[in-house]
Amino acid sequence: MAVLLDDIVKSVEHLLKLISKNTKEQSYVDPTLDPVLLVPGIAGSILNAVDNKTGKKERVWVRILAADHEFRDKLWSRFDPATGKTVTLDTDTHIEVPQDRYGLYAIDMLDPDMVIGSDCVYYFHDMIVEFLKWGYQEGTTLFGFGYDFRQSNRYQETLERLASKLEAVYTASGGRKITIISHSMGGLLVKCFMSLHTDIFEKYVKNWIAIAAPFRGAPGYITSTLLNGASFVEGWQQNFFISKWSMHQLLIECPSIYELMACLDFKWEHIPRLEIWRQKCDGDGNSRVMLESYPPAESIPIFMEALSVNKVTYGDADISLPFNTEILKWANETRELMSSAEVPSQIKFYNIYGTSYETPHSVCYGSENAPVSELQQLPTLVGNYVYVDGDGTVPVESSKADGLRAEARVGVPGDHRGILCDRHVFRILKHWLKADHDPFYNPLNDYVILPTAFDIETIKTKGLEVTSLREEWEIIGEDQDQDLGEDMAERKPLVGSITVSRVGGDKSLQEEAQATVIIEPQNDGNKHVELNAVSISASA
């Protein structure tokens, strides 16, 4: 499908979801529900820089305006092997997680000031909204635990805060035991806490539900992160966000990242590898190209050489930031700790993992025609992934291998962050939490967007490609306008049009697409949606 048509279809599908959502506020509170504590993963908490003298607070993660500058100034840090803490380079400030809304503010929408494109910084937002519909109440049965994700998952200060949080939730809910719902790296944090503070875990926790947890690492994603950095938002928002290079300099000193490397003693079905096409000369001066392949343990010297000259300028000082073997040692001890963790007998553990997305597993740099001559080139190159099934970040093989006694393990098609707003996941959680007995719950409030027709045809001639597309959907659900008593027969269809165009950077490719969207109310309260689109692309 032509690129612009694909963008149009995605935009219409997003519009359909907005049309179908019931925006009426629900005041129902279910007093019988047990409390839930939401624990995010890496980069899933708002972080504030607090001035040590004045106490003034400034959000440094996540923000859009002056994002990159404030990120470097306030969040760049160094690991202290004596304490296991990652210490901010700025000695005049310290990092705090806001506690507003019983901890939910910090893990809801990571940039509350963002209006356009705010869904790119949603974290637990959709899940929080859903839970409130089920009858949960902030501060009584719904809480959040944000944390400084730069730190190790066994960092003592974080674990002490989690212990205090569990006690506070238990008290606020009237002595009810808690269900922890963790996402991504939050699962490793909970596993470390369960291993080191088993008595507290047993006292306050009833259930633990892990979602998309990298129990055995996220090998492909972390390999490229250590060598090239990472972007936490995609699309046009990247232009206003923190640069990949700035993120790289932070993450290379974060124990949490090293703790997400491929688990060395796990029996992978296919061992994740770092592969490099290298150009070498033999003793006679003859040059040859060969593919070198390194399993996880043998990749460490490659990381060390590739990052040996990596440095940043902070203030007036040049600071070397090579691959940190002290952090690696700390991370290996963390993984050893997690390998011995056990779920206490009276606590139920559930595992939801994402499937059906191409997920980085191994990474290859260079090619046979463009080999790598020096390993220090790697941070400037873009790796090619070897993919396996997963959620786009964590392979299924890793997220399923929790090593714990589980009540259930369920795979759900979904990407790593999107799984937190997946309706299938919501239904599973509602069942496990026993939150499906709301007397005001009406199944008709649930809508289904059902594709009913799809046709596409492409005609190619010299220099031209014409693609036509027709797609239809049926929105099945309760019509929100029926209360107005409007005669359905008199209601007119809504008709809209979309026009988009694109010109390649070298002007060698031009593409234009036009589409018409018709939304027609039906007598049964449903809506019929029809999209007709055509794109024409011309190449020089």
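Look up a bit, the structure's there.
Here the structure is a predicted model, which means the values were calculated and not measured.

So, how was this worked out
- Residues numbered from 1 in each chain as written.
- Predicted model: local features only at pLDDT ≥ 70, side-chain atom pairs only at ≥ 80, totals over all residues.
- Heavy atoms only, no water.
- Helix = DSSP H or I, 4+ residues; strand = E, 2+ residues; numbered from the N terminus.
- Buried < 20%, exposed > 50% of the residue type's maximum accessible area, 1.4 Å probe, protein only.
- Contact = heavy atoms within 4.5 Å.
- Areas by Shrake-Rupley, 256 points an atom, 1.4 Å probe, with all protein chains shown as cover.
- Pairing = 2+ DSSP bridges.
- Phe/Tyr/Trp six-rings, centres within 6.5 Å; stacked < 30°, edge-to-face > 60°.
- Lys NZ or Arg CZ within 6 Å of the ring centre and 35° of its normal.
- Salt bridge = Lys/Arg side-chain N within 4 Å of Asp/Glu carboxyl O.
- Axes fitted to C-alpha atoms, helices over the stretch in contact; angles between N-to-C directions.
- Parallel < 35°, antiparallel > 145°, perpendicular 65-115°, else oblique.
- Nonpolar A, V, L, I, M, F, W, Y, C, P; charged D, E, K, R; others polar.
- Patch = residues over 30% accessible without salt bridge, like charges linked within 9 Å, V, L, I, M, F, W, Y side chains within 5 Å.
- Polar contact = N/O pair within 3.5 Å; in protein donor to acceptor, adjacent residues only side chain to side chain.
- Core = buried A, V, L, I, M, F, W, Y, C linked by side-chain atoms within 4.5 Å.

For the protein, the helix and strand inventory stands at 13 helices and 22 strands. The 540 residues of the protein split such that 51% are buried. Sequence-distant contacts in the protein: of pairs separated by 6 or more residues, those separated by 24 or more amount to 73%. Here the protein displays about 25600 Å² of accessible surface, and carbon together with sulfur accounts for 51% of that area.

Moving on: the pairing of strand 9 (residues 205–211). Among the 7 residues of strand 9, 6 are classified as buried, and the element is accordingly described as predominantly covered. With 6 bridges connecting them, strand 8 (residues 178–183) and strand 9 associate as parallel partners. Across the sheet, the residue bridging to Ile 178 is Val 205, located in strand 9. In this structure, strand 9 lies alongside strand 14 (residues 348–355), joined through 5 bridges in parallel fashion. If you follow Ala 210 over to strand 14, its bridge partner there is Asn 351.

Moving on: the packing of aromatic side chains. Taken as a whole and assessed by the stated rule, the structure comprises 20 aromatic pairs. Taken together through their ring pairs, the aromatic side chains of Phe 131, Trp 134, Tyr 136 and Phe 426 make up a single cluster. Above the ring of Trp 330, the side-chain terminus of Arg 154 is found at 3.7 Å from the ring centroid.

What follows deals with the environment of Val 62. Note that Val 62 resides in the loop between strand 3 (57–61) and helix 2 (67–75). Judged by its relative accessible area of 1%, Val 62 is buried. For the pair Val 62 and Ser 45, spaced 17 residues apart in sequence, the C-alpha separation works out to 8.3 Å. Every residue in contact with Val 62, bar those within four places of it in the chain, is listed here: Leu 110, Asp 111, Val 121 and Phe 241.

Our focus in this paragraph is the pattern of salt bridges. Scanning all chains against the criterion turns up 15 salt bridges. Across the pair Lys 74 and Glu 70 runs a salt bridge whose closest N-O atoms are separated by 3.5 Å. Taken as a pair, Lys 74 and Glu 70 lie in helix 2 at a separation of 4 residues, close to a single helical turn. A single burial state applies to Lys 74 and to Glu 70, both of which are buried. With its nearest N and O atoms 3.0 Å apart, the salt bridge here joins Arg 101 to Asp 108. Judged by its relative accessible area of 8%, Asp 108 falls in the buried class. Residues joined in a network through salt bridges with shared partners are Asp 34, Arg 176 and Lys 206.

For the rest of this paragraph, the subject is the packing of helix 4 (residues 156–172) against helix 5 (residues 186–196). One can describe the packing of helix 4 onto helix 5 by two numbers: an axis separation of 11 Å at closest approach and a directional angle of 80°. One element, helix 4, and the other, helix 5, form an angle in the roughly perpendicular class. Seen from helix 4, the contacting residues are Thr 158, Leu 159, Leu 162, Ala 163 and Leu 166; seen from helix 5, they are Leu 189, Phe 193 and Leu 196. Grouping the amino acids of the contact of helix 4 with helix 5 by side-chain chemistry returns 7 nonpolar, 1 polar and no charged.

Together, Ile 459, Leu 464, Val 466, Val 534 and Ile 536 make up an exposed nonpolar region whose accessible area comes to about 370 Å². Secondary-structure elements contributing two or more residues to the nonpolar patch are strand 19 (464–476) and strand 22 (527–539). As for its placement among the helices and strands, Ile 459 is situated in strand 18 (residues 448–461).

The next thing to look at is the side chain of Thr 223. Along the chain, Thr 223 falls in helix 7 (residues 219–228). A distance of 2.8 Å separates the side chain of Thr 223 from the backbone oxygen of Pro 219, its partner in a polar contact. Those residues in contact with Thr 223 that lie beyond four places of it in its chain are Leu 274, Phe 303, Val 363 and Tyr 365.

The next thing to look at is helix 3 (residues 125–134). Listed as buried for helix 3 are His 125, Met 127, Ile 128, Glu 130, Phe 131 and Trp 134. Buried residues in helix 3 make contact with strand 1 (36–39), strand 7 (142–144), strand 8, strand 9 and helix 13 (423–432). Two residues or fewer after helix 3 comes Gly 135, characterised by a positive phi angle close to 115°.

Moving on, we get to the sheet that holds strand 9. Strands pair in a sheet through their backbones, by hydrogen bonds, and they do so in one of two ways: parallel or antiparallel. If you walk across this open sheet you meet the 6 strands as 7-1-8-9-14-17, and the pairing is parallel. Looking at strand neighbours, the two that pair on one side only are strand 7 and strand 17 (408–413), the edges of this open sheet. Between one strand and the next, the sheet's axes are offset by a mean angle of 20°, whatever the strand orientation. Pairing analysis gives 6 bridges linking strand 14 to strand 17, with the strands arranged parallel. Looking at strand 17, one finds that Asn 351 is bridged to Arg 409. Contacting strand 8, strand 9, strand 14 and strand 17, helix 13 runs over the sheet at an angle of about 160° to strand 17.

On to the nonpolar core. What tends to happen in soluble globular proteins is that the nonpolar side chains get buried as a cluster. By size, the foremost hydrophobic cluster in this structure holds 121 residues, and its most contacted members are Trp 61, Ile 211 and Leu 429. Setting aside residues up to four positions removed in sequence, Leu 429 forms contacts with Met 127, Phe 131, Trp 134, Ile 181, Ile 209, Ile 211 and Ile 352.

Next up on the list: the side chain of Asn 324. Checked against the element boundaries, Asn 324 lands in the loop between strand 13 (317–320) and helix 11 (325–339). A polar contact of 3.1 Å, which involves the side chain of Asn 324, links it to the side chain of Glu 253.

This part is about unusual backbone geometry. Omega for the peptide link from Trp 61 to Val 62 comes to 5°, which places this bond in the cis form. One non-glycine residue with positive phi stands out, namely Tyr 102, at about 60°. You can see Tyr 102 is positioned in the loop between strand 6 (93–96) and helix 3. With a phi angle near 55°, Ala 212 is a residue other than glycine that sits in the positive phi range. In this structure, Ala 212 sits in the loop between strand 9 and helix 7. A relative accessible area of 0% means that Ala 212 is categorised as buried.

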